[in-house]
Amino acid sequence: MRTPLRRVRMIGILALVLTCTLSLGAHVGSPDVFYEGDAGPYRLFVTVRMPQVIPGVAEIQVRCASNDVSAIELVPMTLSGPGSKFPPTPDLAQPSKEDPQFFTGSLWLMEFGALKVRVTANGTKGKGELSVPVPSFAQRSLKMEKPLGGLLAFLMLFLATGAVFIAGAAVREGNLKPGETANPARVRRAHIVMALTAVAVAGILYLGREWWSADASTYQRYVNLAKPPAAVTKLENGNRLILRAKGQDARWTEYVKMEEVIQDHNHLMHLFLFSVPGMERMWHLHPERIEGGAFAVELPAMPAGKYQIFADVVDKNGLPWTLVGTEELPRINGKALGGDDSAWSENAAGRRAASDTASLLPDGGRMVWLRTKEPLMANRPMSFTFSVEKKDGKPAIDLQPYMGMAGHAEFVSKDLSIFAHVHPAGSVPMAALELGRAGTSNESHGGMSMALANAAMPAKVSFPYGFPRSGEYRIFVQIKRAGEIETGVFDARVQ
Ligand SMILES: [Cu+2]
């Protein structure tokens, strides 16, 4: 009896696991990971499609910028710690038949948490490798599909009643001689045994249900832990905004200690405020940590209204989190912007997004989205390239690194359910990249190396990314020119 029941349970667990959907990023609603960087002498664009479940299979696409790569090896590892030093045997990615510069592979991700995919390229220039940090998470769990649930329930009933009747028949007729019929005493005994068996079977089913529920709630806890934490806010002294993180599971704060979040491109927190609805205004600010893991920022001048909050942090293990919230603000007579803080407003003279492909900049120049005429498609990895022009239309020559990078881009869906903060290296947090790179060599990334930081900056900046689903988006591209932070804004309709 135990064995078949157990088997039903195992099938059940498998079904539960298979119907759960997982994954998440520094971002909100944008789980896939996009990364562009150098594996030694080879430039690679890597896309990691996060699995539906953990354990689950991640689909990996690697596009090589040059045609001298002959083989790509993929291996999943923990981002840091001992697991990052002893990788399992790598898998070989398959080159595409139509396009020899395009490779695909799939990897089992076995654990929750901060992982990375190490990509090794072999080719005519030798060997090179890079690592792509991937946050491995549960995002939600779905109900078991009805037909499967029905089938399992039927099998369970069949086995349970079968067990009762088999036990009864064994007692009643188990050692009858051929031609003999059961006497009333045997029949009575058989009834007693059947009743006892029914009780035992019911007990086993009850325990099985308890076990199932315990498993399901453990899983749900992971799911809730991985959901974006809420940004709980409070306005003090007229313009001081206090932010606290509140996980969707009460235990979130045990896993992610806000007191221990690490710097990600120069700041512990990147706070984005968007006016809602419409996103006609945005601010990119950098709150300071205060006591008790809270953060505080002196707001700049802002009109009264409702604002959407996205606040990016990276925990000490390299996992990115985005706190999400809304805030109704009175008119703020705030301080002037300074440091790395920046603001954009559609209504300010000269800053209106001129069209879907060109955005006017405050100095009279413009930022141009170099996109093809093709429609934008969801789930298609692509490079978003923007060029910066001076007033006279010539390429700007005064670009500077902004927080160590050529640019920062925020992809936000108009319904505010998707938010991604992306860099020239992609959607991975720079802090995770640094954690993952510690101890490995022969690797560089698409950010800003020291040498590049001192050299003249090109008038173009690119971001690898893919829209997670169709809909309307607004893209904010932030760069720095001659000490001023400038924001180009573009609208995108994605099919
Ligand atoms: Cu950034």
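In case you missed it, the structure is sitting above this.
Residues numbered from 1 in each chain as written. Predicted model: local features only at pLDDT ≥ 70, side-chain atom pairs only at ≥ 80, totals over all residues. Heavy atoms only, no water.

K.L.:
So what exactly am I meant to see when it comes to the overall build of the chain here?
P.N.:
On a plain count of helices and strands, the chain comes out with six helices and 29 strands. Buried positions account for 48% of the 495 residues belonging to the chain. The long-range fraction of contacts in the chain, counting pairs at least 24 apart against all pairs at least 6 apart in sequence, stands at 68%. Put simply, the chain shows about 23100 Å² of open surface, and 57% of that area lies on carbon and sulfur atoms. (Helix = DSSP H or I, 4+ residues; strand = E, 2+ residues; numbered from the N terminus. Buried < 20%, exposed > 50% of the residue type's maximum accessible area, 1.4 Å probe, protein only. Contact = heavy atoms within 4.5 Å. Areas by Shrake-Rupley, 256 points an atom, 1.4 Å probe, with all protein chains shown as cover.)

K.L.:
Explanation requested: helix H3 (residues 184-226) in the structure shown.
P.N.:
Residues that lie three or four places apart on an α-helix share one face, since the helix turns once every 3.6 residues. Between its terminal C-alpha atoms H3 stretches 63 Å, which fits the 63 Å expected from 43 residues at 1.5 Å a residue. Among all positions in H3, only Arg186, Ala190, Met194, Thr197, Val201, Gly208, Tyr219, Val223, Asn224, Leu225 and Ala226 are buried. (Expected span 1.5 Å × (residues − 1).)

K.L.:
Could you clarify how one ought to interpret the environment of Thr104 in this entry?
P.N.:
Summarising the element assignment, Thr104 is placed in strand E8 (residues 102-109). With sequence-adjacent residues up to four places away left out, Thr104 is seen in contact with Ile60, Gln61, Ala93 and Gln94.

K.L.:
I keep staring at the pattern of salt bridges and nothing clicks. Help me out?
P.N.:
The tally for this structure, following the rule as stated, stands at 20 salt bridges. For Asp99, the salt bridge identified is with Arg63, shortest N-O distance 2.9 Å. Remark: Arg63 occurs in strand E4 (residues 56-64) and Asp99 occurs in the loop between strand E7 (94-95) and E8; sequence separation between them is 36 residues. Looking at Asp99, the relative accessible area reads 21%, which means it is partly exposed. On the accessibility criterion, Arg63 (37% relative accessible area) is partly exposed. With its nearest N and O atoms 3.2 Å apart, the salt bridge here joins Lys414 to Asp491. Taken together, the positions of Lys414 in the loop between strand E25 (408-413) and strand E26 (419-422) and Asp491 in strand E29 (residues 484-494) put the pair 77 residues apart, joining distant regions of the chain. (Salt bridge = Lys/Arg side-chain N within 4 Å of Asp/Glu carboxyl O.)

K.L.:
Is there a simple way to think about the sheet that holds E7 in this case?
P.N.:
Hydrogen bonds between backbone groups are what pair the strands of a sheet, and the pairing can be parallel or antiparallel. In spatial order, the strands read E2-E3-E4-E8-E7; together these five strands make up an open sheet with antiparallel pairing. With partners counted over all chains shown, the strands left at the sheet margins are strand E2 (33-39) and E7, one partner each. As paired elements, E4 and E8 share eight bridges and run antiparallel to each other. Of the residues in E8, the one forming a bridge with Ala58 is Leu107. (Pairing = 2+ DSSP bridges.)

K.L.:
How should the packing of aromatic side chains be read in this particular structure?
P.N.:
How two aromatic rings sit relative to each other is set out by the distance from centre to centre and by the angle between their planes. The final tally for this structure, using the stated rule, is 22 aromatic pairs. Arranged with centres 5.9 Å apart and planes meeting at 35 degrees, the rings of Trp369 and Phe386 form a pair that is tilted. Placement of Trp369 in strand E22 (residues 366-369) and of Phe386 in strand E23 (residues 382-389) is noted, with a sequence separation of 17 residues between them. Lying over the aromatic face of Trp369, Arg371 brings its terminal NZ or CZ to 4.9 Å of the ring centre. (Phe/Tyr/Trp six-rings, centres within 6.5 Å; stacked < 30°, edge-to-face > 60°. Lys NZ or Arg CZ within 6 Å of the ring centre and 35° of its normal.)

K.L.:
What is the right way to read the nonpolar core from this model?
P.N.:
Nonpolar side chains in soluble globular proteins tend to be buried together. One finds Leu243, Met258, Leu271, Leu273, Leu299 and Met302 to be the most contacted residues of the largest nonpolar core, which totals 33 residues. Those elements that place two or more of their residues in this core are H3, strand E13 (240-246), strand E14 (270-275), strand E15 (281-285), strand E17 (295-298), strand E18 (305-314) and strand E19 (320-329). It is E18 that provides the largest number of residues to this core, a total of four residues. Once you skip the residues sitting within four places of it in the chain, Leu243 turns out to touch Ala231, Val232, Thr233, Leu271, Pro287, Ala294, Phe295, Ile309 and Ala311. (Core = buried A, V, L, I, M, F, W, Y, C linked by side-chain atoms within 4.5 Å.)

K.L.:
Would you explain the packing of helix H2 (residues 146-173) against H3 in this entry?
P.N.:
For any two helices packed against each other, the geometry is given by the interaxial angle and the distance between the axes. Taken N-terminus to C-terminus, the directions of H2 and H3 make an angle of 150 degrees; their axes are 8 Å apart at the nearest point. In terms of their interaxial angle, H2 and H3 are classed as roughly antiparallel. Both H2 and H3 take part in a crossing whose hand is right-handed. Mapping the contact onto sequence places Met156, Ala160, Ala163, Val164, Phe165, Ala167, Gly168, Val171, Arg172 and Glu173 in H2 and Arg186, Val187, Arg189, Ala190, Val193, Met194, Thr197, Ala198, Val201 and Leu205 in H3. (Axes fitted to C-alpha atoms, helices over the stretch in contact; angles between N-to-C directions. Parallel < 35°, antiparallel > 145°, perpendicular 65-115°, else oblique. Left-handed = near helix turned anticlockwise from the far one by under 90°.)

K.L.:
Which parts of the structure should I look at to understand the coordination of the copper ion?
P.N.:
Tetrahedral coordination by four donors places them ideally at 109.5 degrees to one another around the metal; octahedral coordination by six donors ideally gives 90 or 180 degrees. Protein coordination at the copper ion: the donors are His265 (NE2), His408 (ND1), His421 (NE2) and His423 (NE2), at 2.0 to 2.3 Å from the metal. Around the copper ion, the four donor atoms are arranged such that angles at the metal cover 90 to 143 degrees; this shape is classified as irregular. Positions of the donor residues of the copper ion, expressed as sequence spacing, correspond to H-x142-H-x12-H-x1-H. Remark: His423 occurs in the loop between E26 and helix H5 (430-437) and His265 occurs in the loop between helix H4 (252-255) and E14; sequence separation between them is 158 residues. Each member of the pair, His265 as well as His423, is classed as buried. (Donors = N, O, S within 2.8 Å, 3.2 Å for Na, K, Ca; no water. Tetrahedral: all angles 85-135°; square planar, octahedral: opposite > 155°, others 65-115°.)

K.L.:
Before we go on, may I ask you to explain a nonpolar patch on the surface in this structure?
P.N.:
On the surface, Leu148, Leu151, Phe154, Leu155 and Phe158 cluster together into a nonpolar patch covering about 480 Å² of accessible area. For Phe154, the location among the structural elements is in helix H2. You can call Phe154 exposed: its relative accessible area is 54%. (Patch = residues over 30% accessible without salt bridge, like charges linked within 9 Å, V, L, I, M, F, W, Y side chains within 5 Å.)

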